[in-house]
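So you can see what is in the structure, the chains are spelled out below.
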There are 2 protein chains.
Amino acid sequence: MASADQPSFTSRVPEGDDRERPVCDTCGFIDYQNPKVVVGSVASWDGRVLLCRRAIEPRRGFWTLPAGYLELNEATADGALREAWEEARAELEIERLLAVYTILRLSQVQLIYRARLVRPEVSPGPETLECGLYAWDEIPWQEIAFPSVHWALGHWRSTLGDDGFAPFANPPGETGRMERPQGL
Amino acid sequence: MASADQPSFTSRVPEGDDRERPVCDTCGFIDYQNPKVVVGSVASWDGRVLLCRRAIEPRRGFWTLPAGYLELNEATADGALREAWEEARAELEIERLLAVYTILRLSQVQLIYRARLVRPEVSPGPETLECGLYAWDEIPWQEIAFPSVHWALGHWRSTLGDDGFAPFANPPGETGRMERPQGL
Ligand SMILES: [Zn+2]
Ligand SMILES: [Zn+2]
């Protein structure tokens, strides 16, 4: 039943199209779903990395990098700067694109930048329980929120002292499924 | 008037949200619009670049790089390979991410790869009038479809013989508006 609160969609091939799309049973609106863009950063100060403990689901209480959905009419690097501000009140300087990951399960394209903190002061925004700068050996590896955070930290570390790297992609065979072992 | 052919949307702030979204007047469906991801390539064979003349609007008859929207559940490099096949029956090998452009007007994020043709045989797909391999001086500069095609060709050329480059972004001040002069 379609109501104002819960539109009901049926998957079918619209005229002139070549694949199934969700079409609204009530009004015929075609929901052309598209991959979503996530922008974020591995931001460091004196070798220590900015991490945020999530105040929201999914994975509340686990640690992540400052990252989130790119907004309409926003350049990707600007989005990464905005997310670092929103989640950790951190001011960054973008260095270089670190990685482009595809999370197939979520149809997410993640653009992760390598960045430098302009100053080491950070404090949690509304979606963050706490945040801080962590040396490699202090990173809470057992409480990382998502596989791609592991990937980005590992890739970040492999680029230290290297300014000629190409952006990394998913590690071989990794699709971002949460069920996989998350070892580096 | 909302009909099955033409749903009508009004921009308003949904409950619990913090910005205006298009909401269907008929059924209440909220259209969370997001930036779209375009994947493509500058693919070359022996110094010549693959270009396609568009069989579809916008910019029918003008020349472009093989590129298009990333599909759901598709890795970005795979999408670039698919588009080259669909538009020019070209088989590519991805070399490296050449550029990440943001087309603000369209809220597009374009990921353009530098690629090599596996063999020089190409032929137009259904969205292409003709395609071919062009030396730098043979490129139909006056008939290029979009500003970002200019940017990508220029950036591609600047990387020849350089394997340490970072992906390029929009040229300073350029947002992809069609009204701007398109000179390199
Ligand atoms: Zn509807
Ligand atoms: Zn509707």
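Residues numbered from 1 in each chain as written. Chains lettered and ligands numbered in written order. Predicted model: local features only at pLDDT ≥ 70, side-chain atom pairs only at ≥ 80, totals over all residues. Heavy atoms only, no water.

- The name an unreviewed UniProt entry assigns to chain A is ADP-ribose pyrophosphatase YjhB, NUDIX family, from the organism Tistlia consotensis USBA 355.
- Under the heading Cofactor (unreviewed entry), UniProt records this for chain A: "Mg(2+)". (UniProt positions renumbered as here; feature names shortened; annotations may be inferred.)

1. Some remarks on the overall build of chain A
Working step 1: The number of helices and strands found in chain A is two helices and nine strands.
Working step 2: Counting from the amino terminus, chain A carries its helices and strands in the arrangement β-β-β-β-β-β-α-β-β-β-α.
Working step 3: When the accessible area of chain A is evaluated, it comes to approximately 9000 Å², of which 47% is carbon and sulfur surface.
Working step 4: For chain A, the centre of its 19 positive side-chain charges and the centre of its 28 negative side-chain charges are spaced 3 Å apart. (Helix = DSSP H or I, 4+ residues; strand = E, 2+ residues; numbered from the N terminus. Areas by Shrake-Rupley, 256 points an atom, 1.4 Å probe, with all protein chains shown as cover. Lys, Arg positive; Asp, Glu negative; His and termini not counted. Charge placed at Lys NZ, Arg CZ, Asp CG, Glu CD.)

2. Description of the domain arrangement of chain A
Working step 1: Each assigned domain of chain A is listed here: domain 1 (1–33) and domain 2 (36–158).
Working step 2: One C-alpha centre belongs to domain 1 of chain A, the other to domain 2 of chain A, and the line joining them spans 35 Å. (Domains from an automatic or database assignment.)

3. Examining the interface of chain B and chain A
Working step 1: Counting residues at the interface gives 37 residues for chain B, matched by 38 residues for chain A.
Working step 2: For the chain B and chain A pair, buried surface summed over both sides reaches about 3100 Å², with 63% attributable to carbon and sulfur atoms.
Working step 3: Of all residues in chain B, Cys27, Phe29 and Leu72 of chain B bury the most surface against chain A, accounting for 17% of the area lost on that side.
Working step 4: Applying the counting criterion to the chain B and chain A interface returns zero salt bridges.
Working step 5: Taken together, chain B and chain A are joined by eight residue pairs in polar contact (both at pLDDT 80 or more). (Contact = heavy atoms within 4.5 Å. Buried area = accessible area lost by both parts, 1.4 Å probe. Salt bridge = Lys/Arg side-chain N within 4 Å of Asp/Glu carboxyl O. Polar contact = N/O pair within 3.5 Å; in protein donor to acceptor, adjacent residues only side chain to side chain.)

4. Things to note about the relation of the copies chain B and chain A
Working step 1: Overlaying chain B with chain A gives an RMSD of 0.3 Å, the required rotation being 180° about an axis along which the chain moves by 0.2 Å. What the rotation and shift describe, once combined, is the action of a two-fold rotation axis. No C-alpha of chain B lies nearer the rotation axis than that of Gly164 of chain B, which sits 2.2 Å from it.
Working step 2: Interface overlap between copies is the fraction of interface residues in one copy that are interface residues in the other; for chain B against chain A it reaches 100%, indicating a shared surface. (Least-squares fit on C-alpha atoms with pLDDT ≥ 70 in both.)

5. Regarding the pattern of salt bridges
Working step 1: Counting across every chain of the model gives 18 salt bridges over all chains.
Working step 2: One salt bridge connects Glu130 of chain A with Arg53 of chain A, and the closest N-O pair in it is separated by 2.8 Å. Of the two residues, Glu130 of chain A is situated in strand E9 (residues 128–134) and Arg53 of chain A in strand E4 (residues 48–54); the sequence distance between them amounts to 77 residues.
Working step 3: Take Arg53 of chain A: its relative accessible area is 24%, and that puts it in the partly exposed class.
Working step 4: One salt bridge in this structure joins Arg82 of chain B and Glu86 of chain B, with 3.2 Å as the shortest N-O distance. On the criterion of helical spacing, the pair formed by Arg82 of chain B and Glu86 of chain B is a turn pair, its members being four residues apart in helix H1 (residues 76–88). (Buried < 20%, exposed > 50% of the residue type's maximum accessible area, 1.4 Å probe, protein only.)

6. What to know about H1 of chain B
Helical geometry note: an α-helix holds 3.6 residues per turn, so side chains three or four residues apart project in the same direction.
Residues and elements named next belong to chain B.
Working step 1: Between its terminal C-alpha atoms H1 stretches 18 Å, which fits the 18 Å expected from 13 residues at 1.5 Å a residue.
Working step 2: Among the residues of H1, those classed as buried are Thr76, Gly79, Ala80, Arg82, Glu83, Ala84, Glu87 and Ala88.
Working step 3: At the exit of H1 stands Arg89, carrying a positive phi of roughly 50°. (Expected span 1.5 Å × (residues − 1).)

7. Re the coordination of the zinc ion (ligand 1)
Working step 1: Summarising the metal site, the zinc ion (ligand 1) is bound by the protein donors Cys24 of chain A (SG), Cys27 of chain A (SG) and Cys27 of chain B (SG), whose distances to it range over 2.0 to 2.5 Å.
Working step 2: Taken as an interatomic distance, the gap from the zinc ion (ligand 1) to the zinc ion (ligand 2) is 2.4 Å; Cys27 of chain A donates to each of them. (Donors = N, O, S within 2.8 Å, 3.2 Å for Na, K, Ca; no water.)

8. Concerning the pairing of strand E7 (residues 92–103) of chain B
All names here are of chain B.
Working step 1: Along E7, nine of the twelve residues are buried, which leaves the element largely enclosed by surrounding structure.
Working step 2: Direction of pairing for E7 relative to strand E8 (residues 108–117): antiparallel, over a ladder of ten bridges. Bridged to Thr102 within E8 is Val109. (Pairing = 2+ DSSP bridges.)

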